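Each chain, written out:
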Amino acid sequence: MTLARKWQWFWNALTRKKRNDDDGSDSQLARVLTLVDLVGLGVGSTLGLGVYVLAGSVAYEQAGPAVVISFLVAAVASAIAALCYAEFAARVPKAGSAYVYSFVSIGEFTAFTIGWNLILEYVIGTASVARGMSGYIDALIDNKMSTALREAMGMDVSFLSDYPDFFSFLVVMILAGLLAYGVKESTLMNNIFTGVNLCVIGIVLVAGGMNSDPKNWNIAKEDIPAGIDGGMGGFVPYGFAGIMAGAAKCFYGFVGFDCIATTGEEAKNPSRNIPLAIVISLIVIFLAYFGISTVLTMALPYYLQNPDAPFPHLFEQLEWHVIKWIVSIGAIFALCTSLLGAMFPLPRVLYAMSSDGIIYKKLQTVHPKTQTPILATMLSGLLAAIMAALFNLHQLIDMMSIGTLLAYTIVAVSVLILRYQDNTFASTTEVNVTIPKVLRQLFNVPKLRDPSGLSSGIVKVGICIFALLVCALCGMLALGTDELSAGDAGMIAGISIVCFLMVLTFVITSMQPTENVKLTFKVPLVPLLPMLSVIFNLYLMFQLDSGTWIRFVIWVAIGYFIYFSYGIRHSVEGQSPASAAPIVASDAINGQNRLSKSGIYNNGFDASTDKIVASIEPEGKGRKSSKNSYTINNE
């Protein structure tokens, strides 16, 4: 095989797509989850550490009473991403979430990147919630557990915890066993705990509301006690920058709803129930966060909040000790549901990736009795348990957002690609493209109503350019804050040019024709909402520190080693003849070029003969046809 052909094979391997030719009805997983189960899973996985810690922490450190605005900004970013997830759930009702979505629309390499980072997100999410619950319980018993472990087995290592947290390890392994036992049983427990969680939130809203004082939203700077850093006072004591910094942190509170989208092979009527569950979950989650942050900052001045345990501190100050203990116990139940929601998607992503052959296939084993991916569940549980035992909470959550934001970005891009994709068979043949044709199609002068190969190509190139422009804009906003505040003409001109080009790209994309496939749910206002999602997500990613990016790069490097040493050669799509692109083969009988009407041609390289090998596959079959094979000399 020549070098050029090797590179061609390599590129084809990276960009080969997963066929979306089944609805998941042949899945080995048990299809038992109802709409109520899905909503409970989404709400339970999200209303955990965020509602009991995040509101007070952001109010105290970043935004003051404007924490409600921070939650609103984070909710908008999450809602747009959720709409994109909902459309894909209607298109691809299979396990795997963003991994499968990107595999179908973009290609295998991008899908592996997303799947690998989803694994990181869910492992860290599980470990961080377990560690948070351990710390919460430890605080209720006057830190006796941590003190004993620190004295007996202290770890003096800078990048590890002060002590091994065996309680967190045990909790995660018990939960992994429960998930391996059966999905219906684990979601029943989740529904019960989520109901308890919502009741506790209701108690907090009522009890806190009875002690609320609107004046705490407008405290003058001179009224702030001496020695306390309360910013400029008022509703927005730390300015717009504080609101956006708070929004970046509040985004963590909305991570978790995407676990609903991983249940495509276990949900009843997934094309309807999954989009509906995502939307309902986000509405409930936002209302809970908005109400909690409002009551919290009205009942107690923002500069007096406890960033680690705001609610017990609030009711301690109010001397409502019974409510304090009710909230504390409710928080433990809430963290249990959050723990389940964080871990639930992890084995399913592993199951989907191993089923496709791009990670070790043994992980796709489904137990015949429990109908769950038992090996993937227990292995992922062990990994999360070890991380929970060895790392502290702050070390764990440093990398929580980056994988999620990257996944949200890819899903938004995938929605755009599929909406403007030319799905006709003719799109795989060679297209005669000239500069005048391209210029005319940029603004759809021919007034096409259905996507063509050219219009689809224009959208794909435009999306890449748009993403680069957004990165440039976010970089200038993140690094040029001082220049922008000083009114630097060069910085303002640069931002203006980038914004103009972004608007131009949006206009060109919106002029192209879209597909007419009927779905149970579609994202409205395309391409505006998916492009806004890309902007929100990339901006929040640029708010992360350099240490997070370094750890992220290391994790990705490990994943790429696995992919290039194993996955690229064992991929099911790479071994499946029907996954290859159709080509024109020479008919051995009459010497004419033709395309098969009853099947498609599979092409590849025979390294031993240095020839292109093509075969016709009967439609819907997954095996080679020995009767219709051709060898084409490439000389």
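This structure is a prediction, so every number in the text was calculated from the model and none was measured.

Visitor: Provide a residue-level description of the overall build of the protein, including the pertinent values.
Guide: The number of helices and strands found in the protein is 24 helices and 5 strands. Residues counted as buried form 51% of the 635 residues belonging to the protein. At a minimum sequence separation of 6, the contacts of the protein that also span at least 24 residues come to 77%. Working note: accessible area of the protein is about 27,800 Å², and carbon and sulfur atoms make up 65% of it.

Visitor: Residue-level account of the nonpolar core, with values.
Guide: Ranked by size, the top nonpolar core spans 150 residues in total, and within it Y52, Y85, Y99, I119 and F254 carry the most contacts. Take this core: its biggest share by element is 15 residues, from helix α6 (residues 108-140).

Visitor: Any details on the packing of aromatic side chains? Residues and values, ideally.
Guide: Two descriptors summarise a pair of aromatic rings, namely the distance from one centre to the other and the angle between the planes of the rings. In this structure the tally under the stated criterion is 21 aromatic pairs. Ring centres of Y563 and F564 lie 5.1 Å apart, and the angle between their planes is 70 degrees; on these two criteria the pair is classed as edge-to-face. Residue classification places F564 among the partly exposed residues on the basis of a relative accessible area of 35%. Through successive ring pairs, a cluster of aromatic residues spans W7, F10, F109, F112, W116, W555, Y560, Y563 and F564.

Visitor: Explain unusual backbone geometry to me, using residue names and the numbers behind them.
Guide: Geometrically, the link from V526 to P527 is a cis peptide bond, its omega value of 15 degrees lying close to zero. Despite not being glycine, N444 shows a phi value in the positive range, around 50 degrees. Following the sequence through the fold, N444 ends up in the loop between α18 (435-442) and α19 (453-479). Look at N444 and you get buried, because its relative accessible area is 11%. Backbone geometry places L525, a non-glycine residue, at a positive phi of 55 degrees. Positionally, L525 belongs in the loop between α21 (489-511) and α22 (528-541).

Visitor: Any details on the side chain of S293? Residues and values, ideally.
Guide: Checked against the element boundaries, S293 lands in helix α11 (residues 270-299). At a separation of 3.1 Å, a polar atom in the side chain of S293 contacts the main-chain carbonyl oxygen of F290. Apart from residues no more than four positions distant in its own chain, S293 is found in contact with A55, V67, V68 and F71.

Visitor: Pulling in residues and values, what's your account of the environment of W116?
Guide: Relative to the helices and strands, W116 is located in helix α6. The sequence separation of W116 and V349 amounts to 233 residues, and the corresponding C-alpha distance is 8.9 Å. Ignoring anything within four residues of it in the chain, the contact list for W116 reads M353, W555, V556, I558, G559 and I562.

Visitor: So, the packing of helix α12 (residues 310-317) against helix α13 (residues 321-343): which residues are in play, and what are the values?
Guide: Helices that pack against each other are described as a pair by the angle of their axes relative to one another and the distance between those axes. The geometry of α12 relative to α13 is characterised by a closest axis approach of 8 Å and an angle of 170 degrees between their N-to-C directions. Relative to α13, the element α12 lies roughly antiparallel. Of the residues in α13, those touching α12 at F311, P312, F315 and E316 are H321, I323, K324, V327 and S328. Looking at the contact of α12 with α13, its residues break down into 5 nonpolar, 2 polar and 2 charged.

Visitor: Hey, could you go over the pattern of salt bridges for me, with residue numbers and the actual values?
Guide: This structure, assessed with the given rule, holds 4 salt bridges. Its salt-bridge partner being D165, residue R131 comes within 3.5 Å of it at the nearest N-O pair. In this pair, R131 sits in helix α6 while D165 sits in the loop between α7 (144-153) and α8 (166-181), placing the two residues 34 residues apart along the sequence. Each member of the pair, R131 as well as D165, carries the same accessibility label: buried. When the shortest N-O distance is used, the salt bridge between K324 and E316 registers 2.9 Å.

Visitor: Run through the environment of Q441, naming residues and quoting values.
Guide: Assignment of secondary structure puts Q441 in helix α18. Along the backbone, Q441 and L454 are 13 residues apart, and their C-alpha atoms lie at a distance of 7.7 Å. With near-sequence residues (within four places) excluded, Q441 lies in contact with P446, L448, L454, S455, I458, Q512 and P513. Of note is the side chain of Q441, whose polar atom sits 2.9 Å from the side chain of Q512.

Visitor: Could you give me a rundown of the state of the cysteines, with the residues and numbers involved?
Guide: Here is the idea: a disulfide is a covalent bond, and it sits between the sulfur atoms of two cysteines. Inspection of the entire model under this criterion finds 0 disulfides. With no disulfide of its own, C471 has C474 as its nearest cysteine by sulfur position, at a separation of 6.7 Å. When its relative accessible area of 2% is taken as the criterion, C474 is described as buried.

Visitor: Pulling in residues and values, what's your account of the environment of G480?
Guide: Structurally, the position occupied by G480 is in the loop between α19 and α20 (481-485). Taking the C-alpha atoms as reference points, G480 and I492, separated by 12 residues in sequence, lie 9.9 Å from one another.

Basis of the calculations
- Residues numbered from 1 in each chain as written.
- Predicted model: local features only at pLDDT ≥ 70, side-chain atom pairs only at ≥ 80, totals over all residues.
- Heavy atoms only, no water.
- Helix = DSSP H or I, 4+ residues; strand = E, 2+ residues; numbered from the N terminus.
- Buried < 20%, exposed > 50% of the residue type's maximum accessible area, 1.4 Å probe, protein only.
- Contact = heavy atoms within 4.5 Å.
- Areas by Shrake-Rupley, 256 points an atom, 1.4 Å probe, with all protein chains shown as cover.
- Core = buried A, V, L, I, M, F, W, Y, C linked by side-chain atoms within 4.5 Å.
- Phe/Tyr/Trp six-rings, centres within 6.5 Å; stacked < 30°, edge-to-face > 60°.
- Polar contact = N/O pair within 3.5 Å; in protein donor to acceptor, adjacent residues only side chain to side chain.
- Axes fitted to C-alpha atoms, helices over the stretch in contact; angles between N-to-C directions.
- Parallel < 35°, antiparallel > 145°, perpendicular 65-115°, else oblique.
- Nonpolar A, V, L, I, M, F, W, Y, C, P; charged D, E, K, R; others polar.
- Salt bridge = Lys/Arg side-chain N within 4 Å of Asp/Glu carboxyl O.
- Disulfide = S-S within 2.5 Å.

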